[in-house]
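Listed below are the residues making up each chain.
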Amino acid sequence: MSPVVELTSELIRRASLTPADAGCQPLIAERLARAGFAIERLRYGDVDNLFATHGAGDPVLVFLGHTDIVPPGPLDAWTSAPFEPAIRDGRLYGRGAADMKSGVAAMTLALEDFVRADPAHRGTVALLLTSDEEGIGKDGVRRVADEFRRRGQRIDWCVVGEPSSRETLGDLIRVGRRGSLTGRLRVRGVQGHVAYPDRARNPIHAFAPALAELAATRWDDGNDAFPPTSFQISNLNAGTGADNVIPGSLDAVFNFRFGTASSAASLRDRVERILKDCAVDATIDWWLSGEPFLTREGLLREAVVAAIAEHCGVTPEASTGGGTSDGRFIAPLGAEVVELGPVNASIHKVDESVALDELERLPRLYRSIAQRLLGDR
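Quick caveat: nothing in here was measured; it's all calculated off a predicted structure. (Residues numbered from 1 in each chain as written. Predicted model: local features only at pLDDT ≥ 70, side-chain atom pairs only at ≥ 80, totals over all residues. Heavy atoms only, no water.)

J.: Can you walk me through the side chain of Asp 156 in this structure?
T.: Along the chain, Asp 156 falls in the loop between α4 (141–151) and β7 (157–160). At a separation of 2.6 Å, a polar atom in the side chain of Asp 156 contacts the side chain of Arg 154. Contact partners of Asp 156, with chain neighbours within four places excluded, come to Pro 59, Val 60, Gly 334, Ala 335 and Glu 336. (Helix = DSSP H or I, 4+ residues; strand = E, 2+ residues; numbered from the N terminus. Polar contact = N/O pair within 3.5 Å; in protein donor to acceptor, adjacent residues only side chain to side chain. Contact = heavy atoms within 4.5 Å.)

As structure tokens, this is what we get:
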């Protein structure tokens, strides 16, 4: 078994259901400490974070990943046990195989090899890991970024090892992500009997015109980097279950995915204006999961594209699609951020897996990026 397959397998055996780390970070920390890295553990609440650094000064290159995983679902649906790595037909199977224990293993090996070959490299190279990426993301990289901001920790470049590739390793990189803004809405009504609507106030009827307008609104036209902002209702609940009772309230959850053509503040203002114009008696609790970010062409993207060309033989598509990642917390620190990792077709699914041939190339890919940015030129 090759080193990257062996380390990925060791990580898969640790059932690190978010926000548990289950011993993944101590395993990585021990290896990197032996390689000469300084180890800092940042624990907030139930969340483990690890920051391992080598070198000193600027520029600073950080490889970013997470050790937590989503639940496996029904165990009997898996061909092999989700926490017992299995190799079949050229693939390594197990929960987290693609998202993202293979990425964590590959980054670790890449950093070991890089500092062994170039111990006096320029600047600082680092690995940042969290056990709170798949969960609510409160005490993971979000909290670490706040600490970095407080202490003035600089980051110039960040490579996120999330599974970005679509069909083959390196065919797609994420150079930005949309922002995510969620609203939890409660419409107040007056409960009553359906036979006496004059003695009640139906929150469903009150909200219906506003919902129609919200769903029909074109929030912006997007721009060269991001598609138009999307608005989706994800939950809508009202009623007692009885057919003769007008409900006293309605609850709705909705989400915006937005690029740089809109801001969270402008979206909040427009929603609240629509509700006011429709005379909806409501309250909204807002949650901004992250602002949009975009990494334009520069040194990091050049290094990533060149490394992919060398080790994968393809030119990647530069995308800002998909959901969110922890890169959204690092970008506001002034860093260029690019996401590059394995094929994402099986993530969060039963029988999650990663192709062995692509897994073998991944450490070389990450090491090449580090060499191009911090090594001898």
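J.: Can you help me understand the packing of helix α2 (residues 24–34) against helix α3 (residues 101–117) in this one?
T.: Two measures define how a pair of helices packs: the angle their axes make with one another and the distance between the axes. Packing of α2 against α3 leaves a shortest axis separation of 10 Å and a crossing angle of 15 degrees. Viewed along their axes, α2 and α3 adopt a mutual orientation that is roughly parallel. For the crossing formed where α2 meets α3, the hand is right-handed. Counting all contacts with α2, which are made through Cys 24, Ile 28, Arg 31 and Leu 32, the residues of α3 involved are Lys 101, Val 104, Thr 108, Leu 109, Leu 111 and Glu 112. When the residues that make up the contact of α2 with α3 are grouped by side-chain class, the tally is 6 nonpolar, 1 polar and 3 charged. (Axes fitted to C-alpha atoms, helices over the stretch in contact; angles between N-to-C directions. Parallel < 35°, antiparallel > 145°, perpendicular 65-115°, else oblique. Left-handed = near helix turned anticlockwise from the far one by under 90°. Nonpolar A, V, L, I, M, F, W, Y, C, P; charged D, E, K, R; others polar.)

J.: For this particular structure, what's the right way to read α3?
T.: Residues separated by three or four positions in an α-helix point in the same direction, a consequence of the helix having 3.6 residues per turn. A rise of 1.5 Å per residue sets the reference length of α3, with its 17 residues, at 24 Å; its end C-alpha atoms lie 24 Å apart and thus fit the reference within 8%. By the criterion of burial, α3 is predominantly enclosed, with 14 of the 17 residues buried. (Expected span 1.5 Å × (residues − 1). Buried < 20%, exposed > 50% of the residue type's maximum accessible area, 1.4 Å probe, protein only.)

J.: Would you explain the packing of helix α1 (residues 3–12) against α3 in this entry?
T.: Relative to each other, α1 and α3 sit at 130 degrees, their axes nearing to 8 Å. Relative to α3, α1 is oriented oblique. Seen from above, α1 lies across α3 with right-handed handedness. Where α1 abuts α3, its residues Pro 3, Val 4, Leu 7, Thr 8, Leu 11 and Ile 12 lie against Lys 101, Ser 102, Val 104, Ala 105, Ala 106, Thr 108 and Leu 109.

J.: Looking at this model, I keep getting lost on the sheet that holds strand β10 (residues 179–188). Mind explaining?
T.: Within a beta sheet, neighbouring strands are joined by backbone hydrogen bonds and run either parallel or antiparallel to one another. With antiparallel pairing, the 4 strands of this open sheet are ordered in space as β12-β14-β10-β15. Every other strand in the sheet has two partners, leaving β12 (230–238) and β15 (282–290) as the edge strands with one partner each. Neighbour-to-neighbour, the strand axes of this sheet turn through a mean angle of 15 degrees, independent of strand direction. Across 8 bridges, the pairing between β10 and β15 is antiparallel. Residue pairing for β15: Val 187 is matched across the bridge by Ala 282. Sheet contacts for helix α5 (residues 203–216): β10, β12 and β14 (249–258); angle to β12, the most-contacted strand, approximately 170 degrees. The strands touched by helix α6 (residues 264–277) within the sheet are β10, β14 and β15, with β15 carrying the most contacts at an inclination of about 165 degrees. (Pairing = 2+ DSSP bridges.)

J.: Hey, could you run me through the sheet that holds strand β5 (residues 91–93) in this one?
T.: The strand order across the open sheet formed by 3 strands is β4-β5-β19, and the pairing between neighbours is antiparallel. The sheet is open, and its two edges are formed by β4 (86–88) and β19 (353–355), each paired on a single side. Within the sheet, the average angular offset between the axes of one strand and its neighbour, ignoring direction, is 25 degrees. Pairing between β5 and β19: 3 bridges, direction antiparallel. Following the sheet pairing, Arg 91 is matched in β19 by Ala 355.

In short, shape yes, function no, at least from these values alone.
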